[in-house]
Structures are given as structure tokens and as C-alpha cells.
Amino acid sequence: MPRPFPARLAAVLVGTLSLAPLPSLAQAAAAAKPASMELMNDLSLAAAVNTCELAVESKVPVQSAVLSTAKAITYVVTSRYGGQIGNTTKLQPEQIANGAIIQTVARVKQGCYGKLNATDKKFVDEVMADFEKQVKAQGKKK
């Protein structure tokens, strides 16, 4: 069974992500509290603003910008917060990246969707459609 679209992106992203933290970050991660949901919301908002700016003003493909910001978010959460968000157990880098991709794309859709080119709109629509399918499938399992 093929992976859902955002998960495939996250897998590619994590495959290129060097999560070898600097010594000071590794020490901080060991003693850190989990990242708060408020921080994660702030990071995804900043990522969406950055993505919109790059896509609209500099014509960087949304997919490239989203993957870059998801990589940054994954690195911060993994190295600074030990891969923990809120009251979750330690998350794998792919899980963090997947969440960052979905949150960022959802905010891009709310923010600058109307200014994106057709290719970028297609990417946003595919990520959101796949996410909605996953949510519905999870609801049916319960």
C-alpha cells in the first residue's frame, strides 16, 4: 500500500535530513521539556509566511519551500525538544516532518493560495485532499 502524499514527502525529507545535533543542542535536548502546541503553531505560521513570501515574490515552488521549512521545524523539535510535542511520547522525525508539512500547507491555503500558480495550487490541494482522506479513515476506525 503506498504511503499517503504528505508521508511520502516526509520520508523524502527525513532521508535528506541530517539530525546529528551540535553538542550543545544534544545536551539541551536531553534536559528539555516537550515543545508546546503554542510553539508548534507559531513555527507553522512562520513557515507558512516564509513559504508564501518565497512562492509569490521569488517564484520558489511551494513544495520546495514547504520541505525546507519542515526540515527546519523537524531539526528544532528533534534537537531542542527531544522529539516531543505536548504530551506525546517521543516522535520520529518523519512524524514531526509530516505534521509540519500538513500544518504549513493548511496555513498557506488560508493565506496566499489565491496568489499561487497552478502547479503550487495543485500541490497544496493534493496535500490537503490526502490529509482529509487520512482523517476520514481514522474516524472510520474508531
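So, here's what we can say about the structure. Treat the numbers as computed from the prediction; the structure is a model and nothing was measured. (Residues numbered from 1 in each chain as written. Predicted model: local features only at pLDDT ≥ 70, side-chain atom pairs only at ≥ 80, totals over all residues. Heavy atoms only, no water.)

**Focus on helix α6 (residues 118–141)**
Moving on, step 1. Its 24 residues give α6 an end-to-end C-alpha distance of 35 Å, which sits within 8% of 34 Å, the value for a rise of 1.5 Å per residue.
Moving on, step 2. The complete set of buried residues in α6 reads Asp120, Phe123, Val124, Val127, Met128 and Asp130.
Moving on, step 3. A distance of 3.1 Å separates the backbone nitrogen of Thr119 from a side-chain oxygen at the start of α6, and that oxygen is part of Asn117. (Helix = DSSP H or I, 4+ residues; strand = E, 2+ residues; numbered from the N terminus. Expected span 1.5 Å × (residues − 1). Buried < 20%, exposed > 50% of the residue type's maximum accessible area, 1.4 Å probe, protein only. Polar contact = N/O pair within 3.5 Å; in protein donor to acceptor, adjacent residues only side chain to side chain.)

**Examining the pattern of salt bridges**
Moving on, step 1. All chains considered together, the criterion is met by two salt bridges.
Moving on, step 2. The salt bridge partner of Lys109 is Asp125, with a shortest N-O separation of 3.0 Å. Residue Lys109 is located in helix α5 (residues 93–111), and its partner Asp125 is located in helix α6; the two are separated by 16 residues in the primary sequence.
Moving on, step 3. Across the salt bridge formed by Glu126 and Lys122, the nearest N and O atoms sit 3.8 Å from each other. Taken together, the residues Glu126 and Lys122, both in helix α6 and four residues apart, mark about one turn of the helix. (Salt bridge = Lys/Arg side-chain N within 4 Å of Asp/Glu carboxyl O.)

**Some words on the state of the cysteines**
Moving on, step 1. Using the criterion set out here, one finds one disulfide in the structure.
Moving on, step 2. For Cys52, the disulfide goes to Cys112, at an S-S distance of 2.1 Å. Here the S-S torsion is close to -80°, and the disulfide linking Cys52 with Cys112 is therefore left-handed. One end of the pair, Cys52, is in helix α3 (residues 37–57); the other, Cys112, is in the loop between α5 and α6, and 60 residues separate them in sequence.
Moving on, step 3. Here Cys52 falls in the buried class, since its relative accessible area comes to 13%. (Disulfide = S-S within 2.5 Å.)

**With respect to the packing of aromatic side chains**
Moving on, step 1. The full count for this structure, using the stated rule, is zero aromatic pairs.
Moving on, step 2. Over the aromatic face of Tyr81 sits the side chain of Arg80, whose NZ or CZ is 5.3 Å from the ring centroid. (Phe/Tyr/Trp six-rings, centres within 6.5 Å; stacked < 30°, edge-to-face > 60°. Lys NZ or Arg CZ within 6 Å of the ring centre and 35° of its normal.)

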